[in-house]
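Below are the chains, spelled out letter by letter.
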Amino acid sequence: MTEANYLNLNGHLLRVFLAIYDTNSVSKAAEKFDLNQSTISYSLEKLRECLGDPLFVKVGRGIAPTDRAILLVPHIRAQLAGLEGLVSNPKFQPNMDDTRITIASNAVSYTHLTLPT
């Protein structure tokens, strides 16, 4: 394996990693993304190069994660959650906002103010 290069990682590759990990299958991960198996295999190869680890090894007719892959799972889940947080646009709820507001005005504004009698 070559030296790890984290700058080549992206959200798609991390999602592919989790799909393979969660299903223990490249073909099931491909089905999840509606892609062909070779596309997922290519992404897995890019992940292997980026992370400097095989990540998954053949066991019988299936695959199993390496020890490093198992250690990476919680970090990858956290990173993806962080990326999702960057693009989420929560609805503003004024009743939940405790930010202090200061309203300023000059004397001219007060002269035009009419008060109810």
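Remember, predicted model here, so these are calculated numbers, not experimental data.

Caption draft 1: Representation of the nonpolar core in the model. Ranked by size, the top nonpolar core spans 23 residues in total, and within it Phe 17, Ile 20, Ile 40, Leu 55 and Ile 76 carry the most contacts. For this core, the element with the highest residue contribution is helix H1 (residues 11-23), accounting for seven residues. Ignoring anything within four residues of it in the chain, the contact list for Ile 40 reads Val 16, Ile 20, Val 26, Ala 29, Ala 30, Phe 33 and Leu 35.

Caption draft 2: Examining the packing of aromatic side chains more closely. Here the structure, examined in full by the defined rule, presents two aromatic pairs. Seen from their ring centres, Phe 17 and Tyr 21 are 6.3 Å apart, and the 15° between their planes marks the pair as stacked. You can see Phe 17 and its partner Tyr 21 sitting in helix H1, four residues apart, about one turn around the helix. A relative accessible area of 0% means that Phe 17 is categorised as buried. Looking at Tyr 21, the relative accessible area reads 23%, which means it is partly exposed.

Caption draft 3: Seen up close, the environment of Val 26. For Val 26, the position within the fold is in helix H2 (residues 26-33). When residues no more than four places from it in sequence are discounted, the contact partners of Val 26 are Ile 20, Gln 37, Ile 40, Ser 41, Leu 44 and Ile 63.

Caption draft 4: Molecular detail of the pairing of strand E1 (residues 56-59). As judged from the four bridges shared by E1 and strand E2 (residues 62-65), these two strands associate in the antiparallel manner. Its bridge partner lying in E2, Val 57 is registered against Ala 64. The turn joining E1 and E2, which pair antiparallel and follow one another in sequence, is formed by two residues; a positive phi near 60° is taken by Gly 60.

Caption draft 5: Seen up close, the environment of Leu 72. Tracing the backbone shows Leu 72 in helix H4 (residues 67-87). Since its relative accessible area comes to 14%, Leu 72 is described here as buried. Leu 72 sits 21 residues away from Leu 51 along the chain, and the two C-alpha atoms are 9.9 Å apart. Apart from the residues lying within four places of it in its own chain, the contact partners of Leu 72 are Phe 17, Leu 51 and Leu 55.

Definitions and cut-offs
- Residues numbered from 1 in each chain as written.
- Predicted model: local features only at pLDDT ≥ 70, side-chain atom pairs only at ≥ 80, totals over all residues.
- Heavy atoms only, no water.
- Core = buried A, V, L, I, M, F, W, Y, C linked by side-chain atoms within 4.5 Å.
- Buried < 20%, exposed > 50% of the residue type's maximum accessible area, 1.4 Å probe, protein only.
- Helix = DSSP H or I, 4+ residues; strand = E, 2+ residues; numbered from the N terminus.
- Contact = heavy atoms within 4.5 Å.
- Phe/Tyr/Trp six-rings, centres within 6.5 Å; stacked < 30°, edge-to-face > 60°.
- Pairing = 2+ DSSP bridges.

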